[in-house]
Amino acid sequence: MREVSAGGVVFNSDKILLLRKLNGGWVLPKGHVRRGETYYQTALREVKEETGIKADLGSYIDKIEYQYYNLRRMQRSTKTVHWFTMYSDDTNLRPLRREGFNEAKYVEFEQALRILIHDNEKMIIIKAKKIKEDIKN
């Protein structure tokens, strides 16, 4: 089975928005692309749904691909996630509990590198930071 998602690396000044799952792991906001949606529309919608904030779209970062075992469907899935930089000064974070998130917060870049549970998301925030710095210069 193949799945396609999109998400965002949301910057608030130099901090990055992360979500904590009920199991304690920290992740970036992302979700499934709906029929008729573009990747950037999905990324903006998912950030809003999962964190409660409105973000402005920046640049396309990259895509990642990985495999996992889908417990709902009881089969192996290949997921592709398209990532975008985003910017927001909204700090009224409301994690979407029904999606399994119990905390949302902006963290310093170095802390994000330490606490993100997926190495591929760490690589995405490194690329996002470079894009943000290149725009600044």
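You'll find the structure just up there.
Just so it is clear, the model here is predicted, and its values are computed rather than measured.

## Some details on the nonpolar core
Core analysis: the biggest nonpolar cluster contains 17 residues, and Val9, Ile16, Leu18, Leu28, Trp83, Ile124 and Ile125 have the highest contact counts within it. Counting residues per element, the ones that place at least two in this core are strand S1 (2-12), strand S2 (15-21), strand S5 (56-70), strand S6 (75-87), helix H2 (109-115) and helix H3 (119-136). Considering each element in turn, this core owes the most residues, three residues, to H3. For Ile16, the residues in contact, after removing those within four places along its chain, are Val9, Val10, Phe11, Leu28, Lys105, Tyr106, Val107, Phe109 and Ile125. The next biggest cluster of nonpolar side chains, apart from the first, holds 15 residues, and it includes Leu19, Ile53, Ala55 and Leu93.

## A look at a nonpolar patch on the surface
Judged by side-chain polarity, Tyr69, Leu71 and Met74 come together as a nonpolar surface patch covering roughly 370 Å² of accessible area. Note that Leu71 resides in the loop between S5 and S6. Leu71 sits in the exposed class, given a relative accessible area of 65%.

## Details of unusual backbone geometry
Phi angles above zero are rare outside glycine, and Ser13 is one such case at about 60°. Locating Ser13 in the fold gives a position in the loop between S1 and S2.

## A look at helix H1 (residues 39-51)
For the α-helix, the turn length of 3.6 residues means that residues three or four positions removed from each other point alike. Between its first and last C-alpha atoms H1 spans 18 Å; for 13 residues at 1.5 Å apiece the expected length is 18 Å, and the two agree. The complete set of buried residues in H1 reads Thr42, Ala43, Arg45, Glu46, Val47, Glu50 and Thr51. Close packing links the buried residues of H1 with S1, S2, strand S4 (30-32), S6 and strand S7 (101-107). Two residues or fewer past H1, Gly52 is found with a positive phi of approximately 85°.

## Quick notes on the pattern of salt bridges
Inspection of every chain in the model, using the stated rule, returns 15 salt bridges. One salt bridge in this structure joins Glu3 and Lys79, with 3.9 Å as the shortest N-O distance. Of this pair, Glu3 sits in strand S1 while Lys79 is found in strand S6, placing the two residues 76 residues apart along the sequence. Judged by its relative accessible area of 9%, Lys79 falls in the buried class. Across the pair Asp56 and Lys54 runs a salt bridge, and its minimum N-O distance is 3.9 Å. Residue Lys54 is classed as exposed on the basis of its relative accessible area, which comes to 57%. Among the charged side chains, a network of salt bridges with common partners joins Arg34, Glu37, Arg45, Glu46 and Glu49.

Here is what the cut-offs are and how they apply
Residues numbered from 1 in each chain as written. Predicted model: local features only at pLDDT ≥ 70, side-chain atom pairs only at ≥ 80, totals over all residues. Heavy atoms only, no water. Core = buried A, V, L, I, M, F, W, Y, C linked by side-chain atoms within 4.5 Å. Buried < 20%, exposed > 50% of the residue type's maximum accessible area, 1.4 Å probe, protein only. Helix = DSSP H or I, 4+ residues; strand = E, 2+ residues; numbered from the N terminus. Contact = heavy atoms within 4.5 Å. Patch = residues over 30% accessible without salt bridge, like charges linked within 9 Å, V, L, I, M, F, W, Y side chains within 5 Å. Areas by Shrake-Rupley, 256 points an atom, 1.4 Å probe, with all protein chains shown as cover. Salt bridge = Lys/Arg side-chain N within 4 Å of Asp/Glu carboxyl O. Expected span 1.5 Å × (residues − 1).

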